[in-house]
Amino acid sequence: MATHFTRRRLTSGITAATAVASLAGGLAACGGNSDAATTTDSAKSGEVVIGRVSNGAATQTTIKVSEVRSISAELPAAVKKSGRLEIGIGALPSGFPPLAYVGDDQKTLTGSEPDLGRLVAAVFGLKAEVKNSTWENLFVGIDSGKVDVAFSNVTDTEERKKKYEFASYRQDNLAFIVPKKSTWNFDGSYANLDGKTIAVASGTNQERILLEWKDKLAKEGKKLTVKYFQDSPSTYLALNSGKIDASFGPNPGFAYHNRQVAGTPNATRTAGTYSGAGASLQGLIAATAKKDSGLAKPLADAINYLIKNGQYAEWLKAYDLANEAAAKSEVNPPGLPLDNS
C-alpha cells in the first residue's frame, strides 16, 4: 500500500510501513483501485472476533459486545435506518500490517483498524460493512457518502477539520526498535541518543524529528549518527548485525515486527515511543466522518463505552498496541497545526 501509517501525506513513516508489509510475505495480496476487499461482519450477535485470519499479526480474541441503545439512538436517522455501518479502509493495494491488510484466507480484510470499526458497529447495533480502497479513494468515499466513517489510521489535523469531523481512538506514536538483548532505552529524552547510530527512513516525519535531535546534540558537543537504508529488510539486517543501535519509525509496524520475530535469534523489542506530532502535542488517530455528519459524537461515545468496559484494552492487547492506548475518545481534539499537517 502507499507509504504511510499516519497518512499525513507521505511524512510519517510509510517507507517503514511498506517494508514491514513486505515481511508479511503475501499477507496482503490484493489489487485494484477501489473496494477490492469488501467484507460484512458475520460474527454472531453479541460477539466480535478480533484478529481473525491475521497470520500471526494478532492473538485471535472473541470479544463480547452488544448494542447500547442510548448510544445507537444518537446516530443520524439514515445510518440507523440502513442497519449497516459503512466503514472505509484505505489499504489498497498491499495493506499495512498490523493495521489493515488482507488476511491469510486471501479475502478477509483484517487488522486493528477494521476490527475497531467492527466493535463500534456492534455498539451501534449495526452490521459492519468494511470497504477497502486506495488512500485517495478513502476520502472520496467519505465525501460522496459511499462510506459513513473511516477507520484507517487517519491522523487528526487542523487542515482536515475543514472537511471532516473526528472521534479520536489511539495515540499516533513513533518508536525505537532494538535487538531484544539490547539494554538501551529512549526513555523520552533525546539526550539518550548521544553516541548512538540510528536508522530512519528518508523523507519521513520521523527523519525530521531525528535530525532536529541531531542538531540539538551537536550544539551540546554530542554526536548522533543517522543512517539510511533502501528498505526495511536491509534495516533489520543492519540491526541484527550491530551496524546500528536502533531504528526509528512508526510504532505499529515495529510492534508487528516484534511479534513476527519473537523467539528467533533476531528477536526485537520496542525501546520507547514518541508522539508523531512532536514534543508539544500528542498526535492522535481518529475515526473520520464528513463534517457536520452528526457521527463524531456517537462514534466517540461508542469508543468510550468500549474503553470503560474493557473491550478496547482487549483489542489493543490482541495487536500488541497497548502502548498507543488513549485515555478517552474526544470529538475534534486539538490536531496537528496547519503548519505541520
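In this text, all values refer to a predicted model and were calculated from it rather than measured experimentally.

A. The overall build of the chain, seen in detail. The number of helices and strands found in the chain is 10 helices and 15 strands. Of all 341 residues assigned to the chain, the portion counted as buried reaches 55%. Pairs at least 24 residues apart make up 78% of the contacts formed inside the chain by residues separated by at least 6 positions. Carbon and sulfur atoms provide 50% of the accessible area of the chain, an area that totals close to 13700 Å².

B. Expanded view of the layout of surface pockets. Of the volumes computed, that of the second largest pocket is approximately 190 Å³. Residue contributions to the lining of the second largest pocket peak at five residues, all from helix H6 (residues 205-219). Classifying every residue of the lining of the second largest pocket by side-chain character gives seven nonpolar, five polar and three charged.

C. Structural detail: helix H5 (residues 135-144). Listing the buried residues of H5 in full gives Trp135, Leu138, Phe139, Gly141 and Ile142. All buried residues of H5 fall inside an arc of 150° around its axis, so they share one side. Exposed and oriented more than 90 degrees from the buried face of H5 are Glu136 and Ser144. On its buried face, H5 sits against strand S4 (84-92), strand S7 (127-134), strand S8 (149-150), strand S9 (164-171) and strand S15 (284-290). Where H5 terminates, the next one or two residues include Gly145, which has phi positive at roughly 85°.

D. Structural view of the confidence of the model for the chain. Looking at the chain, pLDDT values average 89 and 87% of them are 70 or higher. Throughout residues 1-36 the model reports pLDDT below 50, and contacts reaching past four residues in sequence, or to other chains, amount to 133 contacts.

E. How the structure looks around the packing of helix H4 (residues 112-124) against helix H9 (residues 296-308). As a packed pair, H4 and H9 sit with axes 9 Å apart at the nearest point and diverge in direction by 100°. In this view, H4 runs roughly perpendicular relative to H9, as classed from their interaxial angle. Counting all contacts with H4, which are made through Leu116, Leu119, Val120, Val123 and Phe124, the residues of H9 involved are Pro298, Leu299, Ala302, Ile303, Tyr305 and Leu306.

F. The arrangement of the pairing of strand S3 (residues 61-64) in detail. Burial along S3 is one-sided: the face carrying Thr61 and Ile63 is buried and the face carrying Thr62 and Lys64 is not. Bridging between strand S2 (residues 47-50) and S3 involves four bridges; their strand directions are antiparallel. Looking at S3, one finds that Val49 is bridged to Thr62.

G. The pattern of salt bridges, seen in detail. Within this structure, the stated rule accounts for 17 salt bridges. Ionic pairing is found between Glu324 and Arg170, a salt bridge with its closest N-O pair at 2.6 Å. Residue Glu324 is found in the segment after helix H10 (311-318), and its partner Arg170 is found in strand S9; the two are separated by 154 residues along the sequence. Exposure class is identical for Glu324 and Arg170. Each is buried.

H. Spatial organisation of the sheet that holds strand S12 (residues 225-227). The strand order across the open sheet formed by five strands is S12-S11-S13-S10-S14, and the pairing between neighbours is mixed. Every other strand in the sheet has two partners, leaving S12 and strand S14 (268-275) as the edge strands with one partner each. Taking each pair of neighbouring strands and ignoring which way they run, the sheet shows an average axis angle of 30°. Packing against the sheet, helix H7 (residues 232-241) makes contact with strand S10 (173-179), strand S11 (197-200), strand S13 (246-250) and S14, and its axis sits at approximately 45° to S10. Each of S10, S13 and S14 is contacted by helix H8 (residues 251-261), which is oriented at about 30° to S10, the strand it contacts most.

So, how was this worked out
- Residues numbered from 1 in each chain as written.
- Predicted model: local features only at pLDDT ≥ 70, side-chain atom pairs only at ≥ 80, totals over all residues.
- Heavy atoms only, no water.
- Helix = DSSP H or I, 4+ residues; strand = E, 2+ residues; numbered from the N terminus.
- Buried < 20%, exposed > 50% of the residue type's maximum accessible area, 1.4 Å probe, protein only.
- Contact = heavy atoms within 4.5 Å.
- Areas by Shrake-Rupley, 256 points an atom, 1.4 Å probe, with all protein chains shown as cover.
- 1 Å grid on protein atoms, 1.4 Å probe; cavity = no way out; pocket = protein on both sides within 12 Å on 5 of 7 lines; lining within 4 Å.
- Points joined across faces, edges and corners; volume = space filled by probe spheres on them.
- Nonpolar A, V, L, I, M, F, W, Y, C, P; charged D, E, K, R; others polar.
- Arc of directions from axis to C-beta.
- pLDDT = per-residue confidence, 0-100.
- Axes fitted to C-alpha atoms, helices over the stretch in contact; angles between N-to-C directions.
- Parallel < 35°, antiparallel > 145°, perpendicular 65-115°, else oblique.
- Pairing = 2+ DSSP bridges.
- Salt bridge = Lys/Arg side-chain N within 4 Å of Asp/Glu carboxyl O.

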